[in-house]
Amino acid sequence: MSSLLKELATRIVAILTDKGLTLATAESCTGGVVAAAITSVPGSSQIFLGGVVSYSNEVKHNVLGVSDKILSSKGAVSRETVEAMALGVSRLMNSDCSLATSGIAGPGGGTDTKPVGTVWIAVNFKGEVISLLLQLENKGRDANICSFAENVLSLLLKTIENKTSSL
């Protein structure tokens, strides 16, 4: 685990604990790395409800509620899919906030329009979803996964800092 991943997770756990908020994760391309980073922080059991590693479209649909129409028309690596994943895991776990990742870690699987290093990330805070498309330099599968995880935790941290500053 990178030092940045650990630092982001530590800050997120501290803020959510302080505000009495809960978190759930829906990960595809990161394969549980984000949940592992969060749960590596002492005290995370107060805020982390659980996560779903939805590597297949069947799990995205059957567990997280991503519609077959979205998956067939937009694909797994799309804004619509990660937003539905984030909302779906939040409903499933009854969490205040959630995050989702879906991308192409490599070395294969990329296309001209979605090359290796492409990832969609989403953060849900009490029903308000923010999503981003990132097309990162392909640094190899492990580095790509770490970078995807760092980016989604950075987005989550910025979101909760912004949304909880008045709480």
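Analysis parameters
- Residues numbered from 1 in each chain as written.
- Predicted model: local features only at pLDDT ≥ 70, side-chain atom pairs only at ≥ 80, totals over all residues.
- Heavy atoms only, no water.
- Helix = DSSP H or I, 4+ residues; strand = E, 2+ residues; numbered from the N terminus.
- Rg over C-alpha atoms; globule rule 2.2 N^0.38 Å.
- Buried < 20%, exposed > 50% of the residue type's maximum accessible area, 1.4 Å probe, protein only.
- Areas by Shrake-Rupley, 256 points an atom, 1.4 Å probe, with all protein chains shown as cover.
- Lys, Arg positive; Asp, Glu negative; His and termini not counted.
- Charge placed at Lys NZ, Arg CZ, Asp CG, Glu CD.
- Expected span 1.5 Å × (residues − 1).
- 1 Å grid on protein atoms, 1.4 Å probe; cavity = no way out; pocket = protein on both sides within 12 Å on 5 of 7 lines; lining within 4 Å.
- Points joined across faces, edges and corners; volume = space filled by probe spheres on them.
- Nonpolar A, V, L, I, M, F, W, Y, C, P; charged D, E, K, R; others polar.
- Polar contact = N/O pair within 3.5 Å; in protein donor to acceptor, adjacent residues only side chain to side chain.
- Contact = heavy atoms within 4.5 Å.
- Axes fitted to C-alpha atoms, helices over the stretch in contact; angles between N-to-C directions.
- Parallel < 35°, antiparallel > 145°, perpendicular 65-115°, else oblique.
- Left-handed = near helix turned anticlockwise from the far one by under 90°.
- Core = buried A, V, L, I, M, F, W, Y, C linked by side-chain atoms within 4.5 Å.

(A) A look at the overall build of the chain. Along the backbone of the chain there are six helices and five strands. Along the chain, helices and strands appear, N-terminal first, in the series α-β-α-β-α-α-α-β-β-β-α. Compactness check: the chain gives a C-alpha radius of gyration of 15 Å against a globular reference of 15 Å for 167 residues, within 12% of the reference. Projected onto the principal axes, the alpha-carbon positions of the chain cover approximately 45 × 35 × 25 Å. The buried share of the chain, reckoned over its 167 residues, is 49%. Accessible surface computed for the chain: about 7,500 Å², of which carbon and sulfur atoms make up 51%. Separation between the mean location of the 14 positive side-chain charges and that of the 14 negative ones in the chain comes to 3 Å.

(B) Helix 5 (residues 79-93), seen in detail. For helix 5, built from 15 residues, the straight-helix expectation of 21 Å at 1.5 Å per residue is met to within 8% by its first-to-last C-alpha distance of 21 Å. Turning to helix 5, its buried residues number three or more, namely Thr81, Val82, Ala84, Met85, Ala86, Gly88, Val89 and Ser90. Downstream of helix 5 by one or two residues, Asn94 has phi in the positive range, about 55°.

(C) Representation of the layout of surface pockets in the model. In this model, the largest pocket occupies a volume close to 240 Å³. Around the largest pocket sit 17 residues that line it, and Val77, Gly103, Ile104, Ala105 and Gly109 are the ones nearest its centre. Elements with a contribution of two residues or more to the lining of the largest pocket: helix 3 (57-62) and strand 3 (97-103). In terms of residue class, the lining of the largest pocket is built from six nonpolar, eight polar and three charged.

(D) Expanded view of unusual backbone geometry. Of note, the amide linkage connecting Gly106 to Pro107 takes the cis form, showing an omega dihedral of 5°. Inspection of the secondary structure assignment puts Pro107 in the loop between strand 3 and strand 4 (118-125). Even without being a glycine, Asn94 presents a positive backbone phi close to 55°. In this model, Lys126 sits at a positive phi of 50°, which is unusual for a non-glycine residue. By the element assignment, Lys126 lies in the loop between strand 4 and strand 5 (128-135).

(E) Region of the structure containing the side chain of Ser90. Turning to its location among the elements, Ser90 is positioned in helix 5. For Ser90, a relative accessible area of 9% translates into the label buried. For Ser90, the side chain forms a polar contact with the main-chain oxygen of Ser95, separated by 2.8 Å. Each residue touching Ser90, except ones within four places of it in the same chain, is listed here: Ser95, Ser98 and Asn124.

(F) Focus on the packing of helix 1 (residues 3-19) against helix 6 (residues 141-164). Contact geometry of helix 1 with helix 6 gives a least axis separation of 10 Å together with a crossing angle of 30°. Here helix 1 is positioned roughly parallel relative to helix 6, judged by the angle of their axes. Between helix 1 and helix 6 lies a crossing of left-handed hand. On helix 6, the residues touching Leu4, Leu5, Leu8, Ala9, Arg11, Ile12, Ile15, Leu16 and Lys19 of helix 1 are Ala149, Glu150, Leu153, Ser154, Leu156, Leu157, Ile160, Glu161 and Thr164. Classifying every residue of the contact of helix 1 with helix 6 by side-chain character gives 12 nonpolar, two polar and four charged.

(G) Highlighting the nonpolar core. Of all hydrophobic cores here, the largest spans 34 residues; its most connected members are Ile12, Leu16, Leu23, Ile38, Leu153, Leu156 and Ile160. Listed by contribution, the elements that provide at least two residues to this core are helix 1, helix 2 (33-39), strand 3, strand 4 and helix 6. Looking at this core element by element, the count peaks at nine residues for helix 6.

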